[in-house]
Every structure is written in structure tokens, then in C-alpha cells.
Amino acid sequence: MYVSARSDYALRAMLAVAASAPVGGELVKARTLADTQGIPLSFLQGILVDLRRAGLLVSHRGTEGGYALARPAVEISVGDVLRAVGGSLTTVRGLPAELAGHAGVATGLRDVWLAVHGAVARVVDRTTLADLLSTEHRPAGAGETRAR
């Protein structure tokens, strides 16, 4: 699995929104997200559009506008965010792992790519934004993610 800057930025932005603007809470401005997370604003704006279209964020226009989660952080998985901004979790030569095919001696590779895809999906789909926020100050490896 390759984690692009776009995916990393999307997750960082979603965590910042979840920490600052839970559902029905105060709105977070794109500029604030860009500044606090060190993300170029123009790049972040495209990411926020994708997250809104995927139903993960809600936005409000105007001087008092900004972004908030569309549903509670416990209901948004890392996988939801990754798929919203990047499509398939794993790719083989640019295609989703499910579409990878090989001939001859390499035929068995498809099973490997599907297993990798399944393992990645299990981890990112059971890890929620709330899980990550609850472990924010815990040392790495000190806790397990909540099974969904």
C-alpha cells in the first residue's frame, strides 16, 4: 500500500476537524486546517471537496463558515477517508488489486495482491477517527484499535 500526500493530508485534516468540530460543533475554516496541519491551502481545498462529496464532512459558506464532521468520529473509518480521496486502497500497476491479473508462472500473484488488499482493508476499516484521537497521547503500540 502506498500512502500518498493527498491521503495523509486528508486523514490529518479529518482528525483536526474531529478534534475541533465534532458533529454539530464549532466549524473549522480551511485556512486554519491548512495552517495547523502544514498543508498547502489550494491542495487542501480539493481534498475537502472530495471529503464533502463522500459525505464525511459538511461545509457552510460565509465568514462564519467552515467544516464539521458529517457523522460522529466513531462512525468514520480511516478506510472511508482513504477511499474518498484515493479510490482503491491497493493498486497493482495503477489498477485496483481486484483487477490485477497475471499469466503463466505469475498467475498466483493475484492471490497475493488480493490478500494484501484484504489485510490493509481490515486494518483501515476497523480504525476510526475516534480511535486515533483516543490514542493521540499514548505511545505507539500502547493500545489496540477498536474492532468494527
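Residues numbered from 1 in each chain as written. Predicted model: local features only at pLDDT ≥ 70, side-chain atom pairs only at ≥ 80, totals over all residues. Heavy atoms only, no water.

A. The arrangement of the overall build of the protein chain in detail. Per the secondary structure count, the protein chain includes 6 helices and 4 strands. Overall, the protein chain shows an N-to-C arrangement of helices and strands of α-α-α-β-β-α-β-β-α-α. Looking at the protein chain residue by residue over its 148 residues, the buried ones come to 33%. By sequence separation, contacts in the protein chain at least 24 residues apart represent 60% of the contacts at least 6 residues apart. (Helix = DSSP H or I, 4+ residues; strand = E, 2+ residues; numbered from the N terminus. Buried < 20%, exposed > 50% of the residue type's maximum accessible area, 1.4 Å probe, protein only. Contact = heavy atoms within 4.5 Å.)

B. Quick look at the pairing of strand β2 (residues 66-69). Burial along β2 is two-sided: Gly-66 and Ala-68 and Tyr-67 and Leu-69, pointing in opposite directions, are all buried. Of the pairings in the sheet, the one linking strand β1 (residues 57-60) to β2 comprises 4 bridges and is antiparallel in character. Note that in β2 the partner of Ser-59 across the bridge is Tyr-67. Counting the residues in the hairpin turn of β1 and β2 gives 5 residues, including Gly-62, whose phi is positive at 105 degrees. (Pairing = 2+ DSSP bridges.)

C. Molecular detail of the packing of aromatic side chains. Counted according to the given criterion, the structure contains 1 aromatic pair. A ring pair is formed by Tyr-9 and Phe-43, whose centres lie 5.5 Å apart and whose planes are at 80 degrees; its orientation type is edge-to-face. One end of the pair, Tyr-9, is in helix α1 (residues 5-20); the other, Phe-43, is in helix α3 (residues 41-53), with 34 residues separating them in the sequence. Of the residues examined, Tyr-9 reaches a relative accessible area of 17% and is grouped as buried. (Phe/Tyr/Trp six-rings, centres within 6.5 Å; stacked < 30°, edge-to-face > 60°.)

D. View of the pattern of salt bridges. Tallied over the entire structure, the rule returns 5 salt bridges. Ionic pairing is found between Asp-8 and Arg-12, a salt bridge with its closest N-O pair at 3.0 Å. Here Asp-8 and its partner Arg-12 are both found in helix α1, 4 residues apart, which amounts to about one turn of the helix. With a relative accessible area of 33%, Asp-8 lands in the partly exposed category. Classification of Arg-12 as partly exposed rests on a relative accessible area of 25%. (Salt bridge = Lys/Arg side-chain N within 4 Å of Asp/Glu carboxyl O.)

E. Region of interest: α1. The end-to-end C-alpha distance of α1, which contains 16 residues, comes to 22 Å, matching closely the 22 Å that a straight helix rising 1.5 Å per residue would cover. Every buried residue of α1 is accounted for by Ser-7, Tyr-9, Ala-10, Leu-11, Ala-13, Met-14, Ala-16, Val-17 and Ala-18. Residues of α1 that are buried in the fold lie against α2 (30-37), α3, β1, β2, α4 (78-86) and α6 (129-134). (Expected span 1.5 Å × (residues − 1).)

F. Spotlight on the nonpolar core. Counting residues in hydrophobic clusters, the biggest one holds 33 residues, and the most contacted among them are Met-14, Leu-48, Leu-51, Leu-57, Leu-69 and Val-81. Going through the elements one at a time, α1, α2, α3, β2, α4 and α5 (109-126) are the ones with two or more residues in this core. Looking at this core element by element, the count peaks at 8 residues for α1. (Core = buried A, V, L, I, M, F, W, Y, C linked by side-chain atoms within 4.5 Å.)

G. Expanded view of the packing of α1 against α3. The N-to-C vectors of α1 and α3 enclose an angle of 70 degrees; their axes lie 10 Å apart at closest approach. When the axes of α1 and α3 are compared, the pair comes out roughly perpendicular. Residues Ala-5, Arg-6, Tyr-9, Ala-10, Ala-13 and Met-14 of α1 lie in contact with α3, whose contacting residues are Phe-43, Leu-44, Gly-46, Ile-47, Asp-50 and Leu-51. Partitioned by chemical class, the residues of the contact of α1 with α3 number 9 nonpolar, 1 polar and 2 charged. (Axes fitted to C-alpha atoms, helices over the stretch in contact; angles between N-to-C directions. Parallel < 35°, antiparallel > 145°, perpendicular 65-115°, else oblique. Nonpolar A, V, L, I, M, F, W, Y, C, P; charged D, E, K, R; others polar.)

H. Looking closely at the confidence of the model for the protein chain. A residue-level look at the protein chain finds 89% of positions with pLDDT of 70 or above and a mean pLDDT of 87. Mean pLDDT across the secondary structure elements of the protein chain bottoms out at strand β4 (residues 95-96), with 82, and peaks at α3, with 97. (pLDDT = per-residue confidence, 0-100.)

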